[in-house]
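Residue-level structural notes
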Amino acid sequence: MMLSKYDVGEEDIDAVTDQSQITILGQSSPIHHMQLPVIEVMKDFMSGKTLFRNLMGIILQGVNFLITERTNQIYGQLLESAVLLSLEIIILVMEKDSVVSDFWRPLYQPLDVVLSQDHNQIVVLLEYVRYDFQPQIQLCSVKILSILSSRMVGLSQLLLKSNSAIGLIEDYAACLELRSEECQIIEDSSVDPGVLIMQLLIDNINRPAPNITHLLLKFDVDSPVERTLLQPKFHYSCLKVILDILDKLLKPDVNALLHEFGFQLLYELCVDPLTSAPIMDLLSTKKYHFFVKHLNSVGIAPLPKRTCSQALRISSLHQRAWLMKLLAVELHSAEIADPNHREACQNILSELFGQRNTEYGVDHDASFFITQNETGSISKSKVLELLEIIQFESPDITLKCSQFVSNLKYSSMAEDILTSPTTMGKGVYYHSERGDRLIDLVSFRDKLWQKWNLNNSELNSFGSEIELNAIRDAIQQLLRWGWKYNKNLEEQAAQLHMLTSWSQIVEISASQKISSLENRSDILFQLLDASLNFSGSPDCSLRMAQMLTQVGLTCMAKLRDERFALPSDLTSETITCLHIIMTKQLSNGACQSILFKLILAVLRRESSETLRRRQYALLLSYFQYCRHVLDSDVRTTILEFLSVDEQDNGDLDLEKMDKDQAELAHANFTILRKEEQPILNLVIKDATQGSESVKTMSLYVIDALICVDHEKFFLSQLQSRGFLRSCFLNMSNFSYQDGGFSLDSMHRLCTLEAEFSLLLRICHKYGKSGSQILFSMGSLHHIASCKALHLPMKGSFRRHDTRVEKNSADLDKQQMVVAPILRLLFSLTSLVETSELFEVKNKVVREIVEFIKGHQLLFDQVLQEDISDADELTMELVNHVVGILTKVWPYEESDDYGFVQRLFGMMRSLWSRDPDVFTSIGSARSEIQQKADVSISRLCFSLSSYIYFLVTKKSLRLQIFDHASTATQQPTLASLVFFLGSLATVLDRAAEEKYLLLNKIKDINELSRQEVDEIITMYVSHGYASSSENIQKRRYMAMVGMCKIVGHRSRLIMLLLLLAQNLMNIILAHFNDSNSLKALSDAKEELHSLCGRLIPVLERLELVNEDKTGHNLKVFHRLARSLKEMSIQKLAN
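Residues numbered from 1 in each chain as written. Predicted model: local features only at pLDDT ≥ 70, side-chain atom pairs only at ≥ 80, totals over all residues. Heavy atoms only, no water.

As a further point, take the overall build of the chain. If you tally the helices and strands in the chain, you get 52 helices and four strands. Taking all 1133 residues of the chain together, the buried fraction comes to 52%. Across the chain, every contact between residues at least 6 apart in sequence was considered, and the portion connecting residues at least 24 apart equals 73%. Summed over all atoms, the accessible surface of the chain reaches about 51,300 Å², with 50% contributed by carbon and sulfur. (Helix = DSSP H or I, 4+ residues; strand = E, 2+ residues; numbered from the N terminus. Buried < 20%, exposed > 50% of the residue type's maximum accessible area, 1.4 Å probe, protein only. Contact = heavy atoms within 4.5 Å. Areas by Shrake-Rupley, 256 points an atom, 1.4 Å probe, with all protein chains shown as cover.)

Charged atoms that come close allow side chains of opposite charge to pair. Following the criterion strictly, the structure yields 31 salt bridges and no others. Here Glu80 makes a salt bridge to Arg70, at a shortest N to O gap of 3.1 Å. Taken together, the residues Glu80 in helix α7 (residues 76-104) and Arg70 in helix α6 (residues 62-72) connect sequence positions ten residues apart. In this structure, Glu260 and Arg434 form a salt bridge, with 2.6 Å as the shortest nitrogen-oxygen distance. In this pair, Glu260 sits in helix α16 (residues 256-271) while Arg434 sits in the loop between β3 (429-431) and β4 (437-439), placing the two residues 174 residues apart along the sequence. Ionic contacts of the salt-bridge type, sharing partners, join the residues Glu260, Arg434, Lys487 and Glu490 into one network. (Salt bridge = Lys/Arg side-chain N within 4 Å of Asp/Glu carboxyl O.)

Within the secondary structure, His431 sits in strand β3. With residues near it in sequence (within four places) discarded, His431 still touches Asp436 and Arg437.

For the pair helix α18 (residues 290-299) and helix α20 (residues 339-353), interaxial distance at closest approach is 8 Å and the crossing angle is 20°. Between α18 and α20, the interaxial angle falls into the category roughly parallel. Across from Phe291, Val292, Leu295 and Asn296 in α18, the residues of α20 making contact are Ala344, Asn347, Ile348, Glu351 and Leu352. Class assignment of the residues belonging to the contact of α18 with α20 gives a composition of six nonpolar, two polar and one charged. (Axes fitted to C-alpha atoms, helices over the stretch in contact; angles between N-to-C directions. Parallel < 35°, antiparallel > 145°, perpendicular 65-115°, else oblique. Nonpolar A, V, L, I, M, F, W, Y, C, P; charged D, E, K, R; others polar.)

Our focus in this paragraph is the packing of aromatic side chains. Overall, the coordinates contain 17 aromatic pairs when judged by the stated rule. An aromatic cluster of at least three residues, connected via ring pairs, comprises Phe859, Trp889, Tyr897 and Phe899. Directly above the ring of Tyr429 sits Arg437, whose terminal nitrogen or CZ lies 3.8 Å from the centroid. The ring of Phe826 carries Lys887 above its face, with NZ or CZ at 5.4 Å from the centroid. (Phe/Tyr/Trp six-rings, centres within 6.5 Å; stacked < 30°, edge-to-face > 60°. Lys NZ or Arg CZ within 6 Å of the ring centre and 35° of its normal.)

Spanning 21 residues, helix α27 (residues 542-562) covers 30 Å between terminal C-alpha atoms, matching the ideal 30 Å at 1.5 Å per step. Counting buried residues along α27, 16 of its 21 residues qualify, which places the element largely inside the surrounding structure. (Expected span 1.5 Å × (residues − 1).)

Before going further, it helps to spend a moment on unusual backbone geometry. Looking along the chain, the bond that leaves Ala209 and enters Pro210 is cis, with omega of -5°. Position of Pro210 among the secondary structure elements: in the loop between α13 (193-203) and α14 (212-216). With a phi angle near 70°, Lys218 is a residue other than glycine that sits in the positive phi range. Relative to the helices and strands, Lys218 resides in the loop between α14 and α15 (238-248). Phi is positive for Lys251, close to 45°, though the residue is something other than glycine. If you trace the backbone, Lys251 turns up in the loop between α15 and α16.

Turning our attention to the environment of Pro208. Checked against the element boundaries, Pro208 lands in the loop between α13 and α14. As for Pro208 and Gly154, which are separated by 54 residues in sequence, their C-alpha atoms are 8.7 Å apart.

Attention now moves to α15. Taken as a whole, α15 has its buried residues at Cys238, Leu239, Val241, Ile242, Leu243, Ile245 and Leu246. On its buried face, α15 is in contact with α12 (165-180), α13, α14, α16, α17 (276-283) and α18. Taken from the residues just after α15, Leu249 is the one with a positive phi, measuring 50°.

So, on to the packing of helix α47 (residues 1009-1019) against helix α48 (residues 1031-1072). What describes two packed helices is the angle between their axes and the distance between those same axes. Where α47 meets α48, the axes come as close as 9 Å, and the angle between the chain directions of the two elements is 45°. Of the possible angle classes, the one that applies to α47 and α48 is oblique. Handedness of the α47/α48 crossing: left-handed. Of the residues in α48, those touching α47 at Arg1009, Val1012, Asp1013, Ile1015, Ile1016 and Tyr1019 are Ile1031, Arg1034, Arg1035, Met1037, Ala1038, Gly1041, Met1042 and Ile1045. (Left-handed = near helix turned anticlockwise from the far one by under 90°.)

Attention shifts here to the confidence of the model for the chain. Residues at a pLDDT of 70 or more form 82% of the chain, whose mean pLDDT is 83. Within the model, the stretch residues 17-35 combines pLDDT values under 50 with ten contacts to residues more than four positions away or in other chains. Under a pLDDT of 50 for its full length, residues 799-807 has, in the predicted model, six contacts with residues more than four places off or in other chains. (pLDDT = per-residue confidence, 0-100.)

This part is about the side chain of His259. Considering the arrangement of structural elements, one finds His259 in helix α16. For His259, the contacting residues outside a window of four places in its chain are Ile245, Leu246, Leu249, Leu250, Lys251, Pro252 and Gln319.

In this fold, Leu79 is placed in helix α7. Counting along the chain gives 20 residues from Leu79 to Ile59, while the straight-line C-alpha distance between them is 9.8 Å. Aside from chain neighbours lying at most four places away, what touches Leu79 is Gln61, Phe65, Leu66 and Glu69.

Inspection of the entire model under this criterion finds zero disulfides. Left unpaired, Cys591 is separated from the closest cysteine sulfur, that of Cys626, by 4.5 Å. (Disulfide = S-S within 2.5 Å.)

Moving on, we come to the side chain of His1070. Turning to its location among the elements, His1070 is positioned in helix α48. A distance of 2.9 Å separates a polar side-chain atom of His1070 from the backbone nitrogen of Leu958. (Polar contact = N/O pair within 3.5 Å; in protein donor to acceptor, adjacent residues only side chain to side chain.)

See below:
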C-alpha cells in the first residue's frame, strides 16, 4: 500500500546523500531517524537485503510448486495470494526505482540489476505466466517481462542459456490463445493479458537483436534474424496464435483489440529491417492468402454503429488502417522477381481496383473499375468502398464541459484543472496504448474533489448537504463529458488513421503499380473524383482534406503522364502517330466535373494555408492537363505531316481534337466565371495577405485564370480590384536582408518571380493591348525601382560550380529576378513597333531607354558573356538583352554607353565563324545543344534585324571589306556574304536531317531492334530508356525522340530562313541605293570580289527544297534570284 500510494520524487534523491554525510561525520542526526518508510523499502530492494530476500523466498518456490500446492493443499490459495502480492511489490519497486537509481549509485542499484545477479530469479519471475488459476499473476509476470526487456539488452540470450526459452515461448503462446477464447469483454485494457502481450511484442521490435519479440515469435535467434525461415504451422509460438486469431477473426467484440494489435504487430514487423523479409515472405505464401483474404473479411466489412459499440467501431477503423498499411508495404517493397510476391501484388491490385492485370500476363476475372456483382447490379471497386467507410462526420471533440454542467463555477473549475500547466504533462492526462492523449477519469475525479475541498475549507464539519449534492452531481456530469470526449477523440484519431493508410495505398498504387492495369485513366479519374467529393463535403475535417488533396495531386500527375504513355496492353508491334498523341484523354464532361468539385473544395468553410497550397497546386495541375491534348514535346505540324494516312482512315482528326480542346477551355472559363466572386476574393486575399509561400501559389493560380480568360474578363476584374497596382507596389517595396541569401529573402524572391510571371502572362495572353495596359500603369518605373535588381551577384552569369553556395545563389537570382524582368521588358518592346519610327521622344522608347541606362551594369555584364559555351539560361538572357537593345537603341542618338559597338562586335564574332557554330548539326548531340542552336540562330536573327533597320531606316552603309585605315566595329558586306554561305550549309544539313528523320519515323515499324536501339542511343536521354523494354516501347521511345529532334530542327530551319532573308535584303539595299552604288563603284575590284563570292552562295540558296524544309519558299527563292541577277550585272560592269 505504501509503494502504491507514494510517488518517489526528486525530493527523495537526497536521502542517500544525507545518510552518507552522516556516516562520514560520525554524528547522529534526527534526519537519519526520520526517513520515510517507503524510502526504506526502496533501499532494501535496491540493495537486495531483508525484504527483498524474503519476497524472493516466496517467489523462488516457482510456478510448478504453486500449481501443486494450489491444487492439493488447503493453504494453496494463501500461497497464491502471497505470490501475487510479492509480484505486485516487485512491479511497484521497478516502476519507481528509475527515478532515484542514477543518484543512489553505487550503494543502491536498480532492481533489474539486483535480479540479474542470479539469473534464476529472472527465469522464475517470468515463468509465472504459466499460472492460469489466477490471471492477475499472469499479468504481473507479463508486466515484469515488459520492464526487464526494456532495461536488459541480453535478456533473450539469458533465457536461452538457462534452457527456459522454449517453455517460455509456449507459455506466452498458450496465455495469448487462452485470452482469445474468452467470452467476456475486458473493459480495462491495462488488465488484459492479450493486449499486454501484444504491446510487449510491438514495443520490443526495434530493440537490439535478438530481442524478446524475436524469441517469442520463434525467429531464429541463433543466426542472423533476417535469414529466418518462419514456419508457424510447425512451431507453436505467439506468431502461430496471432495468425490463427487473424485468420478466424472470432468474437470481434471481445477480441477487437487483439485483432487490431495483431495487424499492427505484423505491420511493424514488415517495416523493421531485420524482420521484414521473413514476415513478408510468410504472408505472401499461398498457404495464408493473407492480404486479399483480409481485404474482404476486414477491409470492406460494415463499420459498427457508434450508438451500438463505439469502442468496437474505433478498433475496427484501426484494424482496417493497419491492414491497408500492410498492403501498401507489400506493394511498395515486395520483390517482384519472387513469384509469391508478384502474385500477391497482382491479387491486391486486382481486388482493390477490380481490374485485369496485364503487366505479367495474368488475367483476372474483374475487368472494369465499376464492376458488376453476382446479382447484375453495379458495385464499386473496393478502393472506393474503403473510402466510403470513413466518409462520416467526425465526432465532435470541441464540445466544452460547460455544455454538460449548468453551474458555471464547476465547469470553470474543471477547465482550470484541464488547462493548468501543472497538470498538462501528467496526472490528468495519459497516453493510451494507441498513443492518443486522453483524460484520466480517475485522476480527473480526484483533482475535482481536491480543488472543491480546497475552495470550500471553511464549511463546518457537517458541511452543506446541498453543496455536497451539487458537486457530486456536477462531477458525475463532468466524468460523463470526459468519457465522451475520450471516445470521440479516439474515433476521430481512428478515422484519420484509416484515411492516412488509404491515401498511402492509393498513392503507392497510382505512382508505382498503375501501369499494370487496364483503363488507367478511368481508375485515376474515379480516385480523383472521390477524393474531391469527400474533401469538399462538410463531414471532412481539415486534416483529412489535406490528405485527400495530396491524393488528388498524385492522381492528377499520373493522369497527365497517362495521356502520352504507350498502352501496356498493346498486342501489335505497329506504332502509329496516334500513340505519340494520346493514350487516353478524359472526356470534356469528366474534366468539367473535376474543376467544379475542385472549386467547391477550395471554397470549403474550414480551410488553412497548408490545404489551399495543395489545392492551388492541384488546380494548376488540372489546367496543365487541359492545356495540351497533343504531346507538348511534338509539334502539331509534325503530327499533321505524319498523320495524313491515318486521317484518311478516320483514325485521327487533329481538327476535331483542336475543337474539343477549345470547347473544354471555354467550359472551364464558364465554370470559373460562375464562381468568380468567391474564387477571386479568396485567391487575391491569399496573394496579398497570406504567407510568402501561399502568395506565390496564389499568383500562379491567377496566372492560370488569365490563361483561360475570354474577352479580358479576369483582367478587368484584377484591374477593378486594384490587384495589378498592388503587384507593382510590392515590386517597388521589395526588401531583403542578409544579402538576399536568407530563407525569408528567398521566399520573397519566389513571390516576386510569380508576380513577374503574372505580368508576362498578361503580355502574352492579350498581346499589345495587355502590354499597353501594364505600360500605362507605370510598370517600367516600378520595375526599375525594384531592389531585387541590386542584390549582390558576383562573377559570371554561367554556373561555374553548383557546389559553391554563392554561385548557386547567383543562379537563383538570375532565374528568379533577372530573367523574368528581361522577359517582361522584351514583351513591352512590342509597343515600339506601333510607334512612329523617328519619334525619338516616343514615351515607350524613352522609358525603356532610361531603364537600360539606369541598369547599364546588368546589360554590360550580359553582353560580355562568352556564348560559345553558355548554358541555356545565359543564352536566354543574352537573347533578351540583344532583343531589347535592337528594338529601342536605334532611336538613341548617341552611343555614350557603348552598346552599339558591343552589338557590332557580337555580329563580327558570330558571322565570321564556320558552320560549326551550330554545334549539333550533322551529329548526335544532346537535346540541350539542339536548343542551343535555336538560341544562337535567334540571336543572329535579332542582330540582323538591327542591321537591317539601320540600313533601311538610318541609312547606315557597310564597307565591302575591312581596311586598316578605318578602324570600325561594323560588320562588312563580305562578312555578311561569308555568314550567308555558312547559313546555306547549315540550312541544307538541317533540312536533310529533318527529312531523313521524318522518313525514319514513318518507317519505324520496319526498323530492326538494332536500328531502333541506335536511334535511342542518339536521340533519347539515357534516363528515359531502359534496355529491358520490349520492342513496342522502344519503338515508341525512338519515335518520340526523333519527333523532338524534328521539332528543334523545324524551329532552326524557320529562323535560318528568316536570317538568310534579312542578310539578302541588307545586301540588296546596298545594291539598290544610288549613293551606295557610287561608293561601291569606286571600289570596283572589291565589288567584283564580293559578287564573285555571293553568286555561288545564292545559287545554293536557290536549291533549298520546300519538301525538305517544310516551308513555302517562293518569296525566298525570288529574293535570291533577284540578288543573284544584280550580282551578275555588277560583276559584268
